[in-house]
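Results of the structural survey
Here's the letter readout for the chains.
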Amino acid sequence: MEFGASSRVLDPSQRSLFQQISSYGKSIDLPSSYSRHHPSNLSFHVSATNSRRDCISKAVVRDNSVKSEKGKTMPGEYFHDFELTNLTALSPLDGRYWGKVKDLAPYMSEYGLIRFRVLVEIKWLLKLSQIPEVTEVPQFSKEAQLYLQGLVDGFSMSDALEVKNIEKVTNHDVKAVEYFLKQKCQSHPEIAKVLEFFHFACTSEDINNLAHALMLEEAMYTVMFPVMDELIKAICNMAKDNAHIAMLSRTHGQPASPTTLGKEMAIFAVRLSRERRDISQIEIMGKFAGAVGNYNAHLIAYPDINWPQIAEEFVKSLGLSFNPYVTQIETHDYMAKLFHGIIQFNNILIDFDRDIWSYISVGYFKQTTKAGEIGSSTMPHKVNPIDFENSEGNLGKANGGLSHLSTKLPISRWQRDLTDSTVLRNMGEGLGHSLLAYKSSLQGIAKLQVNEDCLSKDLNQSWEVLAEPIQTVMRRYGVPEPYEKLKELTRGRAVTKESIREFIEGLELPKESKTNLLNLTPHTYVGAAIELARTVDKAVNLINGVKAFGNDG
């Protein structure tokens, strides 16, 4: 029988009573003598749950009278059931948002870590069988190789649970994988002869660092990069679709020289693409050098083998880059670069989210509504930019975790301390919140509708932005004090189409230049913005970013 903790810790007498309960499927009324001493109105419900391997008794603590901080009784019954569901998960990634981030689970979960450990252990045994000097492990037959590969390809959730059951005895996660493989292979006559060469000359970190590297590589290639690319493509489309739509710029929050909506989107597409490319070019590294990085055990057992070369071949065979200079652990410098790169990608996206939020706020974008959705519990008219707000919030959460990983992981006392081990288990959190943010931004983009009337209205009310082109043309043709004259005309004053035209008419300029200025409006004074937006695909080369991650050339 096992029981979980409630929000109020049971005292010794309560635990004693709980342990005496043996009735299944019943609510237990407490003795009156107990109630006098413990007026908390506790009762217990105990039920039996049959699993594949054993029968586990689980308990629900029912507290019918919970005290608030002010000492007032809170009505109702409170159940504390600790089965993991989307309602009981401590992290919203495993609860509320599970459907949006579950694609990462095969790689960044405990299951994923165990699966990649199994892969590394089996690949190492196969590698040993290919070294002529290791005569104790002869070349495996084709059938034996297929059997071993089948353990990797067919690794299931049941297999992972079996490893966890072994770990309950060993209290060592990597050793549990070794014992699991020995159990799986002891019935195979050929492999059974070399069972002790599983985990040969390895420290746990030889297995773990390669498993972590493979987890990251698979998660980035399979999940993160495709969604990054989808996001960049969506922003590219925004740039091209709105390349011609003039928009009032704002610097320091004040009206500035016009641009186009498309060109402003193109900036984000190019920035994100550049960062995605840089992330893809980071080498994912691995070590396989034993307890302190010197191949001590390897060389004692087989002194005539070039173990550094063997290790390099093995690590590269997994699609990783080889790090020859290590302690017990891989130095994690590549992880710091990777996480810093994702942080910068996320920072750029935060900038995008905030700009879109602001454009929605001033009316440049409308948001399509969905039947049944509610924007505010009290203000029925509200259509809030929640997708971009959710994205921004999750990007901040992701960056907080990734920042800790990138600053902590490269630091380890002497030849190794264990602080990296527990931290590495949180890699999935940073990627998960990032993935959730990317999907939120994509969802928000899909709802946007450009409000051209609002954009046009702002431009029509901002003729003062033409002061820049007028004074620039005046400079070209030697008109004295051009800046000062435009400053006197425009600064702190209401400027209209008429006042601007009157000022231009009074200038001594060549006829063609004066005509060009008279024809200029805030809508047309956009420079090269239209062309920059239309040609954004030339600057954003998604294909080049897809390759080169890890060590695939």
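Residues numbered from 1 in each chain as written. Predicted model: local features only at pLDDT ≥ 70, side-chain atom pairs only at ≥ 80, totals over all residues. Heavy atoms only, no water.

**Observations regarding the packing of aromatic side chains**
- Summed over the entire model, instances satisfying the criterion amount to 15 aromatic pairs.
- Aromatic pair phenylalanine 155 and phenylalanine 180: ring centres 6.1 Å apart, planes at 85°, arrangement edge-to-face. Placement of phenylalanine 155 in the loop between α6 (142-153) and α7 (157-170) and of phenylalanine 180 in helix α8 (residues 173-185) is noted, with a sequence separation of 25 residues between them. For the pair phenylalanine 155 and phenylalanine 180, a shared accessibility class is recorded, and that class is buried.
- Between the aromatic rings of phenylalanine 345 and tyrosine 438, the centroid separation amounts to 5.3 Å while the plane-to-plane angle is 70°, which identifies the pairing as edge-to-face. With a gap of 93 residues between them, phenylalanine 345 in helix α14 (residues 333-361) and tyrosine 438 in helix α17 (residues 427-447) connect regions that are remote in the sequence.
- Taking the relative accessible area as the measure of exposure, tyrosine 438 reaches 0% and is therefore buried.
- Among the aromatic residues, those joined into a ring-pair cluster are Trp124, Phe197, Phe200, Phe288, Tyr302, Trp307 and Phe314.
- The ring centre of phenylalanine 116 lies 4.6 Å from the NZ or CZ of arginine 115, which sits over that ring.
- The ring of phenylalanine 225 has arginine 276 lying over it, and the distance from NZ or CZ to the ring centre is 4.1 Å. (Phe/Tyr/Trp six-rings, centres within 6.5 Å; stacked < 30°, edge-to-face > 60°. Helix = DSSP H or I, 4+ residues; strand = E, 2+ residues; numbered from the N terminus. Buried < 20%, exposed > 50% of the residue type's maximum accessible area, 1.4 Å probe, protein only. Lys NZ or Arg CZ within 6 Å of the ring centre and 35° of its normal.)

**Here's the deal with the confidence of the model for the protein chain**
- The predicted model of the protein chain averages 86 in pLDDT, with 81% of residues at 70 or higher.
- In this model residues 1-66 is a low-confidence stretch, pLDDT under 50, and it forms 115 contacts with partners more than four residues away in sequence or in other chains.
- Below a pLDDT of 50 lies the segment residues 545-553, which in the model reaches 34 contacts outside its immediate sequence neighbourhood of four places, other chains included. (pLDDT = per-residue confidence, 0-100. Contact = heavy atoms within 4.5 Å.)

**Description of the pairing of strand β8 (residues 254-260)**
- Across 5 bridges, the pairing between strand β7 (residues 246-251) and β8 is antiparallel. Among the inter-strand pairings, serine 249 is bridged to a residue of β8, identified as alanine 256.
- Between β7 and β8, which pair antiparallel and follow one another directly, the connecting turn spans 2 residues, one of which, histidine 252, has a positive phi of 60°. (Pairing = 2+ DSSP bridges.)

**Some thoughts on unusual backbone geometry**
- The phi dihedral of asparagine 171 falls on the positive side, at around 55°, and the residue is not glycine.
- Within the secondary structure, asparagine 171 is located in the loop between α7 and α8.
- Of the residues examined, asparagine 171 reaches a relative accessible area of 70% and is grouped as exposed.
- In this structure, histidine 252 is a non-glycine residue whose phi angle is positive, near 60°.
- Inspection of the secondary structure puts histidine 252 in the loop between β7 and β8.
- Judged by its relative accessible area of 80%, histidine 252 falls in the exposed class.

**A closer look at the nonpolar core**
- In terms of nonpolar packing, the biggest core is built from 133 residues, with Leu148, Phe288, Trp307, Phe339, Phe352, Ile356 and Tyr438 touching the most fellow members.
- For this core, the leading source of residues is helix α10 (residues 204-241), giving 21 residues.
- The contacts of phenylalanine 288, once residues within four sequence positions are left out, are Val120, Trp124, Cys202, Asp206, Ile207, Leu210, Tyr295, His298, Ala311, Phe314, Val315 and Phe322.
- Listed in part, the 18 residues of the second largest apolar core include Ile470, Leu486, Phe503 and Ile504. (Core = buried A, V, L, I, M, F, W, Y, C linked by side-chain atoms within 4.5 Å.)

**Considerations on the packing of helix α5 (residues 110-129) against α10**
- Packing of α5 against α10 brings their axes to within 8 Å, and their N-to-C directions diverge by 120°. Here α5 lies oblique to α10, going by the angle between them. Of the two elements, α5 crosses α10, and the hand of that crossing is right-handed. Facing α5, whose interface residues are Gly112, Leu113, Phe116, Arg117, Leu119, Val120 and Glu121, α10 presents Ile207, Asn208, Leu210, Ala211, His212, Leu214, Met215 and Glu218.
- Looking at side-chain class alone, the contact of α5 with α10 contains 9 nonpolar, 3 polar and 3 charged residues. (Axes fitted to C-alpha atoms, helices over the stretch in contact; angles between N-to-C directions. Parallel < 35°, antiparallel > 145°, perpendicular 65-115°, else oblique. Left-handed = near helix turned anticlockwise from the far one by under 90°. Nonpolar A, V, L, I, M, F, W, Y, C, P; charged D, E, K, R; others polar.)

**Brief notes about the pattern of salt bridges**
- Under the counting rule described, the total for this entry stands at 24 salt bridges.
- One salt bridge in this structure joins glutamate 196 and lysine 182, with 3.1 Å as the shortest N-O distance. Here glutamate 196 is found in the loop between α9 (189-192) and α10, whereas its partner lysine 182 is found in helix α8, with 14 residues between them in sequence.
- Owing to a relative accessible area of 13%, lysine 182 belongs among the buried residues under this scheme.
- For aspartate 229, the salt bridge identified is with arginine 276, shortest N-O distance 2.6 Å. Of this pair, aspartate 229 sits in helix α10 while arginine 276 is found in helix α11 (residues 261-280), placing the two residues 47 residues apart along the sequence. Here aspartate 229 matches arginine 276 in class, with each residue buried.
- A cluster of three or more residues bridged by salt bridges with shared partners is formed by Glu110, Arg117, Lys164, Glu167, Asp173 and Arg425. (Salt bridge = Lys/Arg side-chain N within 4 Å of Asp/Glu carboxyl O.)

**Points about the environment of serine 321**
- Within the secondary structure, serine 321 is located in strand β10 (residues 321-322).
- According to the relative accessible area criterion, serine 321 is buried, its value standing at 3%.
- When the C-alpha atoms of serine 321 and glycine 286 are compared, they prove to be 6.2 Å apart, with 35 residues separating the residues in sequence.
- Of note is the side chain of serine 321, whose polar atom sits 3.1 Å from the side chain of glutamate 283. (Polar contact = N/O pair within 3.5 Å; in protein donor to acceptor, adjacent residues only side chain to side chain.)

**Section: helix α19 (residues 467-476)**
- What α19 keeps buried is the set Ala467, Pro469, Ile470, Gln471 and Met474.
- Glycine 478 sits one or two residues past α19 and shows a positive phi near 75°.

**A look at the side chain of aspartate 417**
- Of note, aspartate 417 is situated in the loop between α15 (386-408) and α16 (419-424).
- At 2.9 Å, the side chain of aspartate 417 and the backbone nitrogen of arginine 413 are in polar contact.
- A distance of 2.5 Å separates a polar atom in the side chain of aspartate 417 from a polar atom in the side chain of threonine 419.

**Things to note about the side chain of serine 406**
- Mapped onto the fold, serine 406 is located in helix α15.
- Residue serine 406 is classed as buried on the basis of its relative accessible area, which comes to 4%.
- For serine 406, the side chain forms a polar contact with the side chain of histidine 340, separated by 3.5 Å.
- Here serine 406 is in contact with Ala336, Phe339, His340 and Ile343, once residues within four sequence places are set aside.

**As for the packing of α5 against α8**
- Between α5 and α8, whose axes approach to 10 Å, the crossing angle comes to 60°. It follows that α5 is oblique to α8 by the angle criterion. Crossing of α5 over α8 shows right-handed handedness. Residues Ile114, Arg117, Val118, Glu121 and Ile122 of α5 touch α8, and the partners they reach there are Asp173, Val174, Val177, Phe180 and Leu181.
- Residues that form the contact of α5 with α8 fall into these classes: 7 nonpolar, no polar and 3 charged.

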